[in-house]
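# Notes for the structure review
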Amino acid sequence: MMTCDDAGRWLDDLVDGDLGEALASEVRAHLDACAACRAEECRRRELVLEAASLPREIQPSGDLWAGIAARLSEPVGIVEARPVRRWTVWSGMAAAAVLLVAGTALVTAHLVRSRPRAVTARASSPAAIVPAAITSELNAPQVDLERAAGALRAALESRRGQLSPATLKVVDENLAIIDAAIDRLQAALREDPGNRALVTLLTATWERKIDLLQTASELARTS
Amino acid sequence: MATQPSEEQLVRAAQRGDVSSFEALYRQHVGRIHALCLRLAGGRAAAEDLTQEVFVRAWRKLGQFRGEAAFGTWLYRLALNLAVSERRSHADARHEVLTDDPVVLEPRPQSPVPELGLDLERAIAGLPAGARQVFVLHDVEGHRHDEIARLAGIAVGTSRAHLHRARTLLREVLR
């Protein structure tokens, strides 16, 4: 017969409908015989109901828009067509990309060192960006990001003539740096396929590449 | 009489750089995003910072929104990822144990949410951060443990343990 401690351990799963039928029956049998645990189950159900019925929207106490609007002019992603700022934009991006690679290398080294290495099959195909062990979870977003980057790269290539040689040089250098970071992260992930921090870094690096390509394409379009 | 632009039209205009359209999107969605940020952050100032950051990042990433989901869904996912990753980075900075020991006492938030009158809201704000995060995501937002575990980088069992602890603490506080 289940004790109160045993039943208490499973009450949340029972309330959430997460218990298998056999275990649920055991817990219910205990509840039938124990008024205290039955009352506890009832209170937990009430709490769950109350939490689910909390308001879905809460307005901030003050208007946050002014603070947001002030930051929208920061030239990341959507580029302002102000030539005077372009060098600033690209300088900032170049610095950010260098930091990205340096940071990525350090973090990657740290993450790989700090976790036991899993025994995995190495991904030999370029399409196998993500190790098989976590493919189901990660493949879709990574493939989407790679596809988006590919499309943006093609769009940029078709407009290269519209960018100045100096700008093109900065763009190409930054893309090379980001691609190197992606290669390192993919290599690290092949060594340690369960490392979610590496996956997060890889996704963020793909997003940085997409941001850069979007910015460059937009610059080319408006030049 | 001029008709109001649809959300799709607002998104397209914002993607072209139209700030006023983005402001209209902000006004439509800020309540939902702020509610999530407020409950996850556990304090008004942190929640407002987080809400602002969500919209700034949404602006920067608008080019990646392709309309496959509703804009509100896309924005919500962005807010969720940002709020959880912020929480993780703060936890890392404080060397909190996130993965395997939910019983470890985490620091309580410095300032609860003063504008919330509901007892439950106040009690949620007073939960330890890990337990609060899982309670909000599971019981308020309706996410499953496997989703929460993936999002927060914790084991499913840890998520369950956090939820159990959160409900137990809330029961004690609300008794």
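In what follows, the accompanying structure is described. (Residues numbered from 1 in each chain as written. Chains lettered and ligands numbered in written order. Predicted model: local features only at pLDDT ≥ 70, side-chain atom pairs only at ≥ 80, totals over all residues. Heavy atoms only, no water.)

### Digging into the overall build of chain A
Counting secondary structure elements, chain A contains 8 helices and 0 strands. When burial is assessed residue by residue, chain A has 38% of its 223 residues classed as buried. Contacts in chain A between residues at least 24 apart in sequence constitute 74% of all its contacts with a sequence separation of at least 6. Surface exposure of chain A reaches about 11,600 Å², of which carbon and sulfur atoms provide 59%. (Helix = DSSP H or I, 4+ residues; strand = E, 2+ residues; numbered from the N terminus. Buried < 20%, exposed > 50% of the residue type's maximum accessible area, 1.4 Å probe, protein only. Contact = heavy atoms within 4.5 Å. Areas by Shrake-Rupley, 256 points an atom, 1.4 Å probe, with all protein chains shown as cover.)

### A word on the state of the cysteines
All names here are of chain A. Per the stated rule, a full pass over the model turns up 0 disulfides over all chains. This cysteine, Cys-34, is not joined by any disulfide, and Cys-37 carries the nearest cysteine sulfur, 3.6 Å off. Since its relative accessible area comes to 9%, Cys-37 is described here as buried. (Disulfide = S-S within 2.5 Å.)

### Focus: the interface of chain A and chain B
Between chain A and chain B, the residue contacts involve 41 residues of the former and 48 residues of the latter. A buried area of about 4,200 Å², summed over both sides, lies between chain A and chain B, and 55% of it is on carbon and sulfur atoms. Counting every contact that joins chain A to chain B gives 8 salt bridges. Of the charged contacts, one joins Asp-18 of chain A and Arg-160 of chain B as a salt bridge, the two residues approaching to 3.4 Å between their closest N and O atoms. Joining chain A to chain B, the criterion identifies 19 residue pairs in polar contact (both at pLDDT 80 or more). Taken together, the elements giving at least two residues each to the side of chain A that touches chain B come down to α1 (4-16), α3 (35-52), α4 (65-72), α6 (135-158) and α8 (196-222) of chain A. By residue number, the principal contributor to the side of chain A that touches chain B is α3 of chain A, which donates 8 residues. Among the residues making up the side of chain A that touches chain B, the classes are represented as 16 nonpolar, 7 polar and 18 charged. (Buried area = accessible area lost by both parts, 1.4 Å probe. Salt bridge = Lys/Arg side-chain N within 4 Å of Asp/Glu carboxyl O. Polar contact = N/O pair within 3.5 Å; in protein donor to acceptor, adjacent residues only side chain to side chain. Nonpolar A, V, L, I, M, F, W, Y, C, P; charged D, E, K, R; others polar.)

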